[in-house]
Every structure is written in C-alpha cells, then in structure tokens.
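# Reading the structure
Each chain, written out:
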Amino acid sequence: MKRYYYEREITNIEKFYVPLSKRASVRDVVSIGFGLFVVSYLVVFFTISVTNSFIKDPMEINISQMFLPPSMEHLFGTDYLGRDIFSRIVKGTEAFFIPGILSISISTTFGLLFGIVSGYYAKYFSKGIFYFLNIIDSIPRIILILLIVVIFNPSIYLIMAFVGISSIPKVSSYIKSKVDVLKRQRFIEAGKSLGLSESSLIFKHIVWLSSKSVLIIQATLGLSETILIETSLSYLGIGVQEPTPSWGNMVAMGKDFFFQGKIWLSTIPALVIMVTIMGLYLLGDGLNSIYNEKVSR
Amino acid sequence: MLAELNELKVYFYDQRNKRFIRSVENVSLGIREGTILGVVGESGCGKTVTALSMMGLVESEPGIIGGTFFFRPDDDDADELEDTILRGLCTKKNYRRERMYNLFCGLDDYIEFEQSPFTIIKDSEKWLRRTNRVMELIRGKYISMIFQSPAQSLNPYISVGQQLQRTIQRFHGEMNKYEVHGYAEELLRSVRLRRPDVVMASFPSALSIGMAQRVVIAVALCSDPCLLIADEPTTGLDTTNIHRIIKLLEELQMERNLALIFISHNIRIVSAIATDILVMYAGIVVERGTRAEVTKTRRGPRHPYTEMLVSSVPGDADIKRGKRLREIPGSMPNNKKEMDACPFLERCPYAKGSLRRKCRSACPEPVEVSPMHFIRCYRFYS
C-alpha cells in the first residue's frame, strides 16, 4: 500500500474560505448579531444574578425612593416599593433561564429520539410513536399548565418540564420528516457501501450533519417560547410569585400605575421581553437562512 | 481469482399481490485481478441487484435466496475476517476454499425454499442482519461501489474536501491531517480534476455532474480497494463526458491493478472498456465470454439477444452509411411466472419451426461454444 507524506502547510483552504459577510446577506448578519447580543445579555444577567454582584439588592424596599424615573443612579427607575427595576430585571432572568433550558433539553432530546426512531425504523415504530405523540399534541398547552398548577404547587420547573413535553411532537415531526427524506438519499447508500455502520450513518450523517440546523432553530425558538410562557403565566399570577422578581409579574404590578404617568414601571420590563423574544426569533431565522445558503451555494 | 459468485439467486416478495418476483436467477461470474468485467442488459434484468447483493446491500426481504460468493482478502485481514464469519454466522461448513472466503456462508441455514411452486419456508432477513458485520469489514475496504447518480451520492450538507478527508481518515487512521489533505488532493488529481483545492472547498451542489462523478470515483478509491463496482457510471453524462469517464476508469484500473465490474445498458460503452462481457436478460446470464467473442466477430456464435443489442447501437460505419437502426421488438417477459421456456423466445428471430418447439420446452442450459465462452441458446446445442 502506498503512503503519502505531505509536510506542506494547508494554505489553500484558507484561501478558499468564504467569509461570513460574503456567505450571508446584510439582513442575516444584522439579525444574527442582534440575536447574539440578546443571548449574551441573557447570559451576563444570569451570571450576575446568580453571583449576586454588581447590582443593588432587588429585594431591598426603600419607601423614600418610590417611583423614581430612570436616572444614572437607578438605570430603569424604581417601582412602587422603591426597589431598583434594573436589578429586578437582572434577577428576573433566573425565573426562566434554567427552567427554559430544562424545557428545551426535554423537547429536543425526546423529539430527536422519537423522530429518529420513527423516521428510520418507520416500518416498526412510526405508527405507535405518532399515535402517542398526537395524544400529547391534542391537549391544549394552557389547559395542561393550569391543570398542573391546580394539582401540584405552581413550581416553574414543573411547568417548564411540561411545556417541554408538550413541544416534543413538534420537534419530532420535524426530525421525522427530515430523516424520512434523507434515509432514501443516494449518499446514505453510498456511505453504506463505504462500510459505515448504521449508527454512524444515523447520528453523523443524518442527524448531525444534516439536521443540525433544524435542531438549533428549534432550540432558539423553544427558548423564546418558554420566556413567553413564563412571563405570561407570571403576569396572570400563576407562575413566579411576588416578591421573587420575574419579568411577567413586574409588568403585572406596574400596570396599576401606568395611567398615573409612571409608565416605566410596566413599559420597561415589557420592552425587555419584546426585545429578547424578537432577538431569539431573529437568531433562529438568520441561522436558518445561513445554513440553507451554505448548502445551495 | 479475486472474487467468484456462484449461482446467485435473488427473489423479492410482492406484499400486495402475495407472490415472489424473480430478480436474479443462477448468476455466476468470476473476476481476476486487473481485468474489467462488463455487465450488459436492458433495464430490469438484474444487473444492479447482482452488484448490490455482492456488497450485501440488498434490503427488501427476503432478498438473497441462494448462492456462494467467494472473495479473497489480503493476508493481513484474513484472520479477522475468518473470526468474524465464525463468530457472526456460527457456521463451520463451506466458508473457506483455499485463500478465499465465502461471504454468503450460512445462508442455507436461514433459508429454505421449494423450487416449484416457488415458496420460501424460512426467509433470509435474519441472515441479512447477521451478515452485516461480516460485510462491514469488506465494504469500502475491498469492494467499493460507484452509484448511478453521482450528484446524489455526495452528502449535500458538507463540503467535498471534508467528505473525502473523512473517508480517508476512516481507512488510514495513522495519517495526520496534513497527510490526509495531501492524499485527498492527490486523489482528486488522479481522477483528472484540474483544481483540487477549488473542488475541495466547494459543496456538492456546486459541482457539475461530470465533476461529481470524478469526486465519487475518488471517494471510492480512498481505501485502495481491490474490486470496484461501477453501476452505470455513465448515466446522465453527455457523450464527451462518457468518453472521458470511461478513459479515466480504464487508466485508473491500469494504474492500480484494480478489478472492475462495469455495469451499463449500452453494449458499445461496455465493449470499449471491458475485457470480459456478461450479457444478462430477465435475471439470467445469456452469454459470457471475452470482449472479442461477444461483440466483435460477425460470423462467430452469439446469442440472438447480444446480436440484437449490438445492432441496436450505432457504430461509426453505420452512421456513415446512414443505416437504419434495428430495435428489439417486444418487451421483457413477466418475471412473476416461473421460467419454463427460454425467456427470449417471444422476441427471438431464430425461434422458428422445430427449434421453437425445443425453446418452449425448458430454459436452455449454457453451452460452451469455444473455451470460456458460454451461450444459453438451443441453436448451439450439438
């Protein structure tokens, strides 16, 4: 058998590397940049609130500083008990960050599992799994959550776990349709003829290399969805309870003072929610278009 | 002999109509190192199924019904292969002949069938699952395959260079990444791609079909296989590219001393490259011989089907003379019935009078008209 030895540097790979700016349109770059900004401030807020540094105590009540408008000292102003709204917003990330990740990981892991099994071994498992998933899908999400709140304590972790479970059918039907198409493709047969094992074909070629984009997009959309659900539940008073700060219950508390001219109490948390969700959606959208661009180039 | 396929039988089960469909019946072929075997026949005559069953890629149950496939691996890997065969298939009989190993061994433990009426008592699905472990050692490493549609044989989601390098890393684990990259470039140069760096950086959708075919050939050659099966590598290519790909395959075969099985439905293309030709019709081999015997001689004995195949493709002289091409009348016989007559009977111009009666009685056995030249036709029975 011949052996080939090359000591040369790999230069031409770099020469033909297409920079991001050429691969993606301005719109994609802007939306991904915005999305990354959102993700980075979420991560920073979460670390700050976990380590309890750099910010004023979000629980500290100071009656003498009620309803202060935004200033240098209180970046987003203070609320009706004199608590700093900025530090409450920072602290509010704790309410959905870990539960949201829990929900995403439940939905993607089980969605992936069911999707692969029912897509690749469609003959044996497809009908059974999708019968089961359709049952889950047919229960309205908000009623499911209300039921859980009634039966158990309104713990945000439990609620988010059930949100994750209720979005399994969506993810797995995406993955199933992807696997269904891909497993018939010639390149899977070609890989088989090169001696690849079934597991490496499934996990490497079908899931990782080809369905990665679907998974990432589902994960970002799932995170924004969990934020929406958490905030809306807290707004309704079922989710995170006062005095633990959450973006939803801050809006709910502030709405009483809106028509007294103290609009920052509810508007600022609402704006933060809006910007965050928009950023996550745009991130998913931009990533989607970049992945498709790369393949069809 | 590098590989020897004996009495291959492949039947598929038609779920809807509850009957068996004959795909390939009693196909035998042998191939030596450094030779090119051309397999020719119209579509649906079992060329691709033969190739796929040699790779163990026949999926639908029951699939392979009978036969033996002897293959000679390198001495280094023979022990491992023997071990896997003994462990995986738990059979001690009929797995070895000198240095050749039977990759279809243990098949008769998992399958039982009656010839007439054709019924299967045990099916081969379990065997197909078990034999996968044996075939994983063989596939890619010793036998590589090029498929019909080159553009679809490449994963559209990763770049060509990455696919090639991953495959190289799979078979040459000891190489570092510079060596792998160099080897990949070397391979792309050896399939006559002029700018390997550009090709490696691009995605499969950016390649033309000829380029994609060359890349597929390069991927198939990564592991230095001994046997390359090219399953209609020229479909979808334009005429100049067909010529180039055939030249390329011929040159690569000379350079690497490959054994090549070249499958096509065009007998001119096959006769341009092959040293031996196998003509298949309705799942059986109707003629087997060297290229000269099968295609060139005008007066020598040939099967009527081969004769008609040759006359249905224009040669240079025919085009100059403005000769009308002859088509083969009729269509393939029903492969759901048992073969109780010569399958070519209805389309055969020679089957007249007393010969026709003979043709209708049973399917003819192959006759050796000259050394190593077999024809299945009653005309040459002496």
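The structure displayed is predicted, hence computed values, not measured ones.

### Digging into the overall build of chain B
The secondary structure content of chain B amounts to 14 helices and 15 strands. Over its C-alpha trace chain B gives a radius of gyration of 22 Å, about what one expects of a compact globule, namely 21 Å for 382 residues. Taking the principal axes of its C-alpha atoms as reference, chain B extends roughly 70 × 60 × 45 Å. For chain B, buried positions account for 45% of its 382 residues.

### Here we look at the overall build of chain A
Scanning chain A from N- to C-terminus turns up 12 helices and 0 strands. Listed by position from the N terminus, the elements making up chain A come as α-α-α-α-α-α-α-α-α-α-α-α. Out of the 297 residues belonging to chain A, those deemed buried represent 40%. Residue pairs in contact within chain A that sit at least 24 positions apart in sequence constitute 69% of those at least 6 positions apart.

### Section: the sheet that holds strand β12 (residues 276-281) of chain B
Residues and elements named next belong to chain B. Spatially, 8 strands are ordered β9-β10-β11-β3-β12-β13-β15-β14 in an open sheet, and the strand pairing comes out mixed. Because the sheet does not close on itself, it has two edges, and the strands there are β9 (143-146) and β14 (367-370). Ignoring which end each strand starts from, the neighbouring axes of this sheet average 20° apart. For β9 and strand β10 (residues 227-231), the ladder comprises 4 bridges, and the chain directions are parallel. In the sheet register, Ile 143 faces β10, and the bridge partner there is Leu 227. The strands that helix α12 (residues 304-311) touches are β3 (36-40), β12 and β13 (284-290); relative to β12, the one it contacts most, it runs at about 105°.

### A look at the environment of Ser211(A)
Residue and element names in this part refer to chain A. Its location among the elements puts Ser 211 in helix α10 (residues 198-236). Separated by 99 residues in sequence, Ser 211 and Leu 112 have C-alpha atoms that sit 9.8 Å apart. If we skip the residues at most four places from it in the chain, Ser 211 touches Ile 175, Lys 178 and Ile 206.

### A closer look at helix α4 (residues 125-138) of chain B
All names here are of chain B. End to end, α4 covers 20 Å across 14 residues, agreeing with the expected 20 Å (1.5 Å per residue, within 8%). Residue Asn 132 marks the point of greatest curvature in α4, where the axis turns by about 40°. Within α4, burial applies to Trp 127, Leu 128, Thr 131, Val 134, Met 135 and Ile 138. At the C-terminal side of α4, Gly 140 shows a positive phi close to 80°.

### Some words on unusual backbone geometry
Residues and elements named next belong to chain B. Here Asn 257, not a glycine, exhibits a phi torsion of approximately 55°, which is positive. Classification of Asn 257 by C-beta neighbours within 10 Å gives exposed; the count is 10. Even without being a glycine, Ala 282 presents a positive backbone phi close to 50°. Of note, Ala 282 is situated in the loop between β12 and β13. Judged by the 24 C-beta atoms lying within 10 Å of it, Ala 282 is buried.

### Describing the packing of helix α2 (residues 75-89) of chain B against α4(B)
Residues and elements named next belong to chain B. In contact at an axis separation of 9 Å, α2 and α4 are set at 170° when each is read in the N-to-C sense. Considered as vectors, α2 and α4 are oriented roughly antiparallel to each other. Along its contact with α2, which presents Glu 80, Leu 81, Thr 84, Ile 85, Gly 88 and Leu 89, the element α4 presents Arg 130, Thr 131, Arg 133, Val 134 and Leu 137. Looking at side-chain class alone, the contact of α2 with α4 contains 5 nonpolar, 3 polar and 3 charged residues.

### Comments concerning the confidence of the model for chain A
On average, residues of chain A score 83 in pLDDT, and 90% of them are at 70 or above. Across residues 5-15 of chain A, where pLDDT falls below 50, the model places 12 contacts with residues more than four positions away in sequence or in other chains.

### A closer look at the nonpolar core
One finds Val215(B), Leu227(B) and Ile261(B) to be the most contacted residues of the largest nonpolar core, which totals 130 residues. Counting 20 residues, the second-largest nonpolar core is a separate cluster that includes Val38(A), Ala95(A), Ile229(A) and Leu280(A).

### What about the pairing of strand β2 (residues 19-31) of chain B?
As defined by bridge partners, strand β1 (residues 3-14) of chain B adjoins β2(B) across 9 bridges and the pair is classed as antiparallel. Its bridge partner lying in β2(B), Tyr13(B) is registered against Phe20(B).

### Regarding helix α5 (residues 160-171) of chain B
An α-helical turn contains 3.6 residues, so any two residues separated by three or four positions project in the same direction. All names here are of chain B. Taking 1.5 Å as the rise per residue, α5 with 12 residues should run 16 Å; its terminal C-alpha atoms sit 17 Å apart, in good agreement. Within the span of α5, buried status applies to Val 160, Gly 161, Gln 163, Leu 164, Arg 166, Thr 167 and Ile 168. Summarising the contacts, the buried residues of α5 are in contact with α6 (177-190), α7 (196-201) and α8 (209-221).

### Observations regarding the sheet that holds β1(B)
Residues and elements named next belong to chain B. In space, the 5 strands of this open sheet follow the order β2-β1-β4-β6-β5, with antiparallel pairing throughout. One side of each edge strand has no neighbouring strand; the edge strands of this open sheet are β2 and β5 (96-97). In the packing of helix α1 (residues 47-55) onto the sheet, contacts are made with β1, β2 and β4 (62-71), and the angle to β1 comes to roughly 110°.

### What about the pairing of β14(B)?
All names here are of chain B. Bridging between β14 and strand β15 (residues 373-375) involves 3 bridges; their strand directions are antiparallel. Of the residues in β15, the one forming a bridge with Glu 368 is Phe 374. A loop of 2 residues connects β14 with β15, the two strands running antiparallel in sequence, and Met 372 in this loop sits at a positive phi of about 60°.

### Quick word on the environment of Asn17(B)
Tracing the sequence through the fold places Asn17(B) in the loop between β1 and β2. The class for Asn17(B) is exposed, based on 9 C-beta atoms found within 10 Å.

### Concerning the packing of α5(B) against α8(B)
Residue and element names in this part refer to chain B. Contact geometry for α5 and α8: axes closest at 9 Å, N-to-C directions at 20°. The orientation of α5 relative to α8 falls into the category roughly parallel. Along this stretch, α5 crosses α8, giving a crossing that reads as right-handed. Here Val 160, Gln 163, Leu 164 and Thr 167 of α5 come into contact with α8, specifically with Val 215, Ala 218 and Val 219.

### A closer look at the confidence of the model for chain B
All names here are of chain B. Across chain B, the average pLDDT comes to 85, with 98% of residues at 70 or higher. Strand β8 (residues 119-122) is the least confidently modelled element of chain B, averaging 76 in pLDDT, while β3 averages 92, the highest of any element. Complex prediction metrics read pTM 0.77 and ipTM 0.71.

Cut-offs used in this document
Residues numbered from 1 in each chain as written. Chains lettered and ligands numbered in written order. Predicted model: local features only at pLDDT ≥ 70, side-chain atom pairs only at ≥ 80, totals over all residues. Helix = DSSP H or I, 4+ residues; strand = E, 2+ residues; numbered from the N terminus. Rg over C-alpha atoms; globule rule 2.2 N^0.38 Å. Buried ≥ 20, exposed ≤ 12 C-beta atoms within 10 Å, placed from the backbone. Contact = placed C-beta atoms within 7 Å. Pairing = 2+ DSSP bridges. Axes fitted to C-alpha atoms, helices over the stretch in contact; angles between N-to-C directions. Expected span 1.5 Å × (residues − 1). Bend = angle between axes of the 7 residues up to and from the residue. Parallel < 35°, antiparallel > 145°, perpendicular 65-115°, else oblique. Nonpolar A, V, L, I, M, F, W, Y, C, P; charged D, E, K, R; others polar. pLDDT = per-residue confidence, 0-100. Core = buried A, V, L, I, M, F, W, Y, C linked by C-beta atoms within 7 Å. Left-handed = near helix turned anticlockwise from the far one by under 90°.

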